[in-house]
Amino acid sequence: MPTPKTNDAALLALLQSDPQAGLARLLDAYGGLIHGVVRRILPRNPEDAEECVADVLVAAWQSAGRLAGEPDRPLQGWLALTARHIAIDRYRRLRRRPGTDPLDETLAADWLLEPRTSEGEDCIAELVAALPAPDHEIFLRRYYLLEPSRTIAAALGMSEHTVNVRLSRGRARLRRQYMARMHPNAKEGPEQ
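Residues numbered from 1 in each chain as written. Predicted model: local features only at pLDDT ≥ 70, side-chain atom pairs only at ≥ 80, totals over all residues. Heavy atoms only, no water.

A. The arrangement of the overall build of the protein chain in detail. The helix and strand tally for the protein chain stands at 9 helices and 0 strands. When the helices and strands of the protein chain are listed from N to C terminus, the series reads α-α-α-α-α-α-α-α-α. Partitioning the intrachain contacts of the protein chain with sequence separation of at least 6 by distance along the chain shows that 63% fall at a separation of at least 24. For the protein chain, the exposed surface amounts to about 11100 Å²; the carbon and sulfur share of it is 53%. (Helix = DSSP H or I, 4+ residues; strand = E, 2+ residues; numbered from the N terminus. Contact = heavy atoms within 4.5 Å. Areas by Shrake-Rupley, 256 points an atom, 1.4 Å probe, with all protein chains shown as cover.)

B. Broad picture of unusual backbone geometry. Along the chain, Ala133 connects to Pro134 via a cis peptide bond; the corresponding omega equals -5°. Among the secondary structure elements, Pro134 is positioned in the loop between helix H6 (119-129) and helix H7 (135-143).

C. The arrangement of the side chain of Asp135 in detail. Counting through the fold element by element, Asp135 comes out in helix H7. At a separation of 3.5 Å, a polar atom in the side chain of Asp135 contacts the side chain of Arg173. When sequence neighbours within four positions are dropped, the list of residues in contact with Asp135 reads Arg166 and Arg173. (Polar contact = N/O pair within 3.5 Å; in protein donor to acceptor, adjacent residues only side chain to side chain.)

D. Structural detail: the nonpolar core. Counting 31 residues, the largest nonpolar core has Leu26, Tyr30, Ile34, Val38, Leu75 and Leu79 as its most contacted members. For this core, the elements supplying multiple residues, two or more each, are helix H1 (4-17), helix H2 (19-41), helix H3 (46-68) and helix H4 (75-94). If you look at the next biggest cluster of nonpolar residues, it comprises 11 residues, including Leu127, Val128, Val163 and Leu167. (Core = buried A, V, L, I, M, F, W, Y, C linked by side-chain atoms within 4.5 Å. Buried < 20%, exposed > 50% of the residue type's maximum accessible area, 1.4 Å probe, protein only.)

E. Region of the structure containing the environment of Asp135. Looking at Asp135, the relative accessible area reads 5%, which means it is buried. Between the C-alpha atoms of Asp135 and Arg166, which are 31 residues apart in sequence, the distance is 6.7 Å.

F. Looking closely at the packing of H2 against H4. Look at H2 against H4: their axes get within 9 Å of each other, and the N-to-C directions meet at 35°. The two elements H2 and H4 meet at a crossing, and its hand is right-handed. Across the interface between the two elements, Leu26, Tyr30, Leu33, Ile34, Val37, Val38 and Ile41 of H2 pack against Leu75, Gln76, Leu79, Ala80, Ala83, Arg84, Ala87, Ile88 and Tyr91 of H4. A class-by-class count of the residues in the contact of H2 with H4 yields 14 nonpolar, 1 polar and 1 charged. (Axes fitted to C-alpha atoms, helices over the stretch in contact; angles between N-to-C directions. Left-handed = near helix turned anticlockwise from the far one by under 90°. Nonpolar A, V, L, I, M, F, W, Y, C, P; charged D, E, K, R; others polar.)

G. Molecular detail of the side chain of Arg90. Mapped onto the fold, Arg90 is located in helix H4. A polar contact is formed between the side chain of Arg90 and the side chain of Asp48, at a distance of 3.4 Å. For Arg90, the side chain forms a polar contact with the side chain of Asp55, separated by 3.3 Å. Ignoring any residue separated from it by four or fewer positions in sequence, one finds Arg90 in contact with Leu42, Asp48, Glu51, Cys52 and Asp55.

H. Layout of the pattern of salt bridges. Summed over the entire model, instances satisfying the criterion amount to 11 salt bridges. Residues Glu50 and Arg39 are paired through a salt bridge, measuring 2.7 Å at the closest nitrogen-oxygen approach. Taken together, the residues span a long stretch of sequence, with Glu50 in helix H3 and Arg39 in helix H2 at a distance of 11 residues. For Glu50, a relative accessible area of 35% translates into the label partly exposed. With its nearest N and O atoms 3.1 Å apart, the salt bridge here joins Arg90 to Glu51. Of this pair, Arg90 sits in helix H4 while Glu51 sits in helix H3, placing them 39 residues apart in sequence. Here the residues in one salt-bridge network are Asp48, Glu51, Asp55 and Arg90, joined through shared partners. (Salt bridge = Lys/Arg side-chain N within 4 Å of Asp/Glu carboxyl O.)

I. Here's a closer look at H4. In this model, H4 (20 residues) spans 28 Å end to end at C-alpha, consistent with the 28 Å of a helix rising 1.5 Å per residue. When H4 is considered as a whole, its buried residues turn out to be Leu75, Trp78, Leu79, Thr82, Ala83, Arg84, Ile86, Ala87, Ile88, Arg90 and Tyr91. (Expected span 1.5 Å × (residues − 1).)

Now the structure itself:
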C-alpha cells in the first residue's frame with residue numbers, strides 16, 4: 001500500500017497522464033481494499049462484484065483531477081467510500097422485490113468487522129451491535145445500507161412511523177450510552 005500522500009499524488013498524476021498504467025498501479029496499491037469492500041456487500045454475486053470494482057476504477061479515473069486538487073483527502077478513504085456506495089447501489093438493484101429481502105447476516109457481521117478510524121466509532125459499532133431486535137436491523141438498514149424508512153418498514157412488516165420512532169428513541173439511547181462510556185464525567189443536557 002502506498003505510503004503517505006506523495007505516492008497518492010503520483011498515482012493520481014499517472015491516472016491523468018496515462019490512464020491504463022494509472023489504473024494498473026491503482027489496482028496494485030488498492031485493489032485488495034476495493035475488492036474487500038465490494039465483496040462484503042455482494043458476497044454471493046462475483047460477477048456483479050467485479051463490475052462494481054470496474055465502476056470504482058472508472059470513478060477514480062474520472063475524479064483523478066479533482067482528487068489531486070484535494071491533497072488533504074486520503075485516496076484510500078475516498079476509494080473505500082466510493083466502493084461502498086457503488087456496491088450498495090448494485091445490491092439494491094439486484095433485490096427482486098425492494099424492501100422485502102431479509103438483512104443478509106453476513107453483511108451485518110461484516111459491518112461489525114469494518115475498520116474504524118477512532119475509538120468513538122468502535123464504541124458506536126459495539127452499541128449498535130448490542131441493540132435488541134428489531135432495532136439492530138433497523139439501524140443497520142438505515143445507517144449502513146442507507147435504506148429509507150418506508151423500505152425498512154416494508155421489509156420488517158411495520159409502519160414507517162414505527163420505524164421512525166424506533167430510530168429516534170434508539171439514537172437517544174445510543175447517545176446516552178455513548179456519553180456514559182466515552183465521557184463518564186461529562187454532564188449531559190436535558191433529554192431531547
